[in-house]
Amino acid sequence: MKVSASQDKMLGQFPADGFAIVPGLYEPAEVKALLHCIESAPGSGPNFRRSQELFAIRNVVGEVPELWPLLDTTVLRTLLRQLFPDGCHLVKSIYFDKPALSNWLVAWHQDLMINVDRRADVQGFGPWTSKSEGISVLPPVDVLQNVCTIRIHLDDCDASNGALKVVAGSHQHGVLLPAALPALTPAAVVCAVPAGGAMLMRPLLLHASNRSISNRPRRVVHLEFASVELPGELEWRERRLVQERF
Ligand SMILES: O=C(O)CCC(=O)C(=O)O
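Residues numbered from 1 in each chain as written. Predicted model: local features only at pLDDT ≥ 70, side-chain atom pairs only at ≥ 80, totals over all residues.

(A) Quick peek at the site of the ligand. Inspection of the region around the ligand gives Phe-96, Val-106, Asp-111, Gly-162, Leu-164, His-207, Ser-209, Val-220 and His-222 as its neighbouring residues. Mapped onto the shell around the ligand, the elements with two or more residues apiece are strand E13 (207–209) and strand E14 (218–226). Residues of the shell around the ligand, tallied by class, amount to four nonpolar, four polar and one charged. (Near = placed C-beta within 6 Å. Helix = DSSP H or I, 4+ residues; strand = E, 2+ residues; numbered from the N terminus. Nonpolar A, V, L, I, M, F, W, Y, C, P; charged D, E, K, R; others polar.)

This is how it looks when you write it as structure tokens:
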């Protein structure tokens, strides 16, 4: 299947903006199946965070094995081929459910840490963090520049139910110091995405999200893909090969 001309146009702005909205990646029936799969998954443990304000599942593709076959469509693979012509792997997956009227908000930040399988003395990698779910590290900027996040929206999402706000082009500044943010965030735009659509973003893109003031939930499957391998003994902790070289 070919990505449509309008999708081509949206992706054309992606390198400069650091984000793009791609509507219609999944059909309504596919969205229904994804929701059913996630919501009927049993599950508890360190990767599950359940409160009134947020239900999140880290490594959701690992925790809910039935999910990947539903996500892995021809349309997704076509998009990935455009983003990573030399093939890629999935390196992180998270499910976020921001329920109706949730007070969960996320302050301005860049996604700087990657999940790895071990600590290793590798030049350019660090600092490291170790949590119950595993080890994460700040990699060199070129690793972050290779990663592409695809956030698949399972509900219509706009400013009222906590859409992401982003600063277009901010990924081009590398790792930002907190003092740089006030000059950038006034230019933020809200990324409304229809159910079944996706938001693409680079991890270095400055982003945040507000509380929900809506009666509608905002459910998202957040997937991160990369084509680079990590050096030395390091390995992406959630690595799953998606596409071989073409
Ligand atoms: O989904 C959100 O509202 C925020 C998520 C986020 O900022 C992140 O995954 O880094």
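(B) Focus on the sheet that holds strand E7 (residues 128–131). Taking strand neighbours across the sheet as the criterion, the three strands line up as E6-E8-E7 in an open arrangement whose pairing is antiparallel. Of all the strands in the sheet, the pair left with one neighbour each is strand E6 (114–116) and E7. The average undirected angle you get between the axes of adjacent strands in this sheet is 35 degrees. Relative to strand E8 (residues 134–137), E7 is paired through four bridges, and the arrangement is antiparallel. Pairing of Trp-128 across the sheet is with Val-137, part of E8. (Pairing = 2+ DSSP bridges. Axes fitted to C-alpha atoms, helices over the stretch in contact; angles between N-to-C directions.)

(C) Up close: the environment of Ser-227. Within the secondary structure layout, Ser-227 lies in the loop between E14 and strand E15 (240–243). Taking the C-alpha atoms as reference points, Ser-227 and Gln-123, separated by 104 residues in sequence, lie 20 Å from one another. Sequence-distant contacts of Ser-227, that is, excluding residues within four places in its chain, are made with Phe-84, Asp-86, Gly-87, Cys-88 and Asn-146. (Contact = placed C-beta atoms within 7 Å.)

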